[in-house]
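Topology and contacts: notes
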Amino acid sequence: FMSLYIFFIFFIFIIIFFFFLMIRRPPRSTLFPYTTLFRSEEISYYFNQCDVGIMPYIQESLQIKNSFPIKMFEYFAAGKPVVSVDISSIRSFQPELRIGHTYEEFVNHIFELINKASPEDELRRREIAKQNSWDSRVDLILDEIGRAHV
């Protein structure tokens, strides 16, 4: 009977151990494997080399139709104009975002935006990115929670 009790305690310990092992936050490199490919200086170099950010997702995918691509804010944070396929959740960001409904329209938007950016446009895009940063979203949620308790 004692050995069964010890086995049961050991079994519970193993289950708890593996449970916490599974729910711990994995290292950043496994969450975002592409972030380890380049150092941050290299990423900013590549961002500065592009004129337009593109989001050419496959539109037939339900996952894309019902998504909210954060990539747009990364482009905006770099001051870059963005061309995307039509995703309903980001339509409100026009005219900073151009939507290409066809291949030709997508490509035409890219060529229209190349070297067209002004410093004012870049500042406006950076402000949009700042308003939609994770810090801003957390502040908004905390404000809403604070209002709910008052």
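Here the structure is shown first, and the text comes after it.
Residues numbered from 1 in each chain as written. Predicted model: local features only at pLDDT ≥ 70, side-chain atom pairs only at ≥ 80, totals over all residues. Heavy atoms only, no water.

Side note on helix H7 (residues 119–131)
Between the first and last C-alpha of H7 there are 18 Å, a value that for 13 residues agrees with the 18 Å anticipated at 1.5 Å per step. Burial in H7 covers these residues: Asp121, Arg125, Ile128 and Ala129. Taken down its axis, H7 places every buried residue within 100° of arc, on the same side. When the buried face of H7 is taken as reference, the exposed residues oriented beyond 90 degrees from it are Pro119, Glu120, Leu123, Lys130 and Gln131. Contacts from the buried residues of H7 go to helix H5 (71–77). (Helix = DSSP H or I, 4+ residues; strand = E, 2+ residues; numbered from the N terminus. Expected span 1.5 Å × (residues − 1). Buried < 20%, exposed > 50% of the residue type's maximum accessible area, 1.4 Å probe, protein only. Arc of directions from axis to C-beta. Contact = heavy atoms within 4.5 Å.)

Examining the layout of surface pockets
By volume, the second largest pocket is sized at about 260 Å³. Take the lining of the second largest pocket: its biggest share by element is 3 residues, from H5. (1 Å grid on protein atoms, 1.4 Å probe; cavity = no way out; pocket = protein on both sides within 12 Å on 5 of 7 lines; lining within 4 Å. Points joined across faces, edges and corners; volume = space filled by probe spheres on them.)

Points about the side chain of His109
Assignment of secondary structure puts His109 in helix H6 (residues 103–113). His109 gets classed as buried once you look at its relative accessible area, which sits at 12%. Every residue in contact with His109, bar those within four places of it in the chain, is listed here: Val83, Arg98, Ile99 and Gly100.

Side note on the sheet that holds strand S3 (residues 97–99)
Taken together, 3 strands build an open sheet; the order of strands is S1-S2-S3 and the sheet is parallel. Among the strands making up the open sheet, the edge pair consists of strand S1 (53–55) and S3. When the angles between neighbouring strand axes are averaged without regard to direction, this sheet yields 20°. With 3 bridges joining them, strand S2 (residues 82–84) and S3 adopt parallel strand pairing. Paired with Val83 across the strands is Arg98, a residue of S3. Each of S1, S2 and S3 is contacted by H6, which is oriented at about 175° to S2, the strand it contacts most. (Pairing = 2+ DSSP bridges. Axes fitted to C-alpha atoms, helices over the stretch in contact; angles between N-to-C directions.)

Thoughts on the nonpolar core
Within soluble globular proteins, side chains that are nonpolar generally end up buried alongside one another. Met55, Met72, Phe76, Val82, Ile90, Phe93 and Leu97 are the most contacted members of the largest nonpolar core, which has 22 residues in total. Listed by contribution, the elements that provide at least two residues to this core are H5, S2, S3, H6 and H7. A per-element tally of this core places H5 first, with 4 residues. (Core = buried A, V, L, I, M, F, W, Y, C linked by side-chain atoms within 4.5 Å.)

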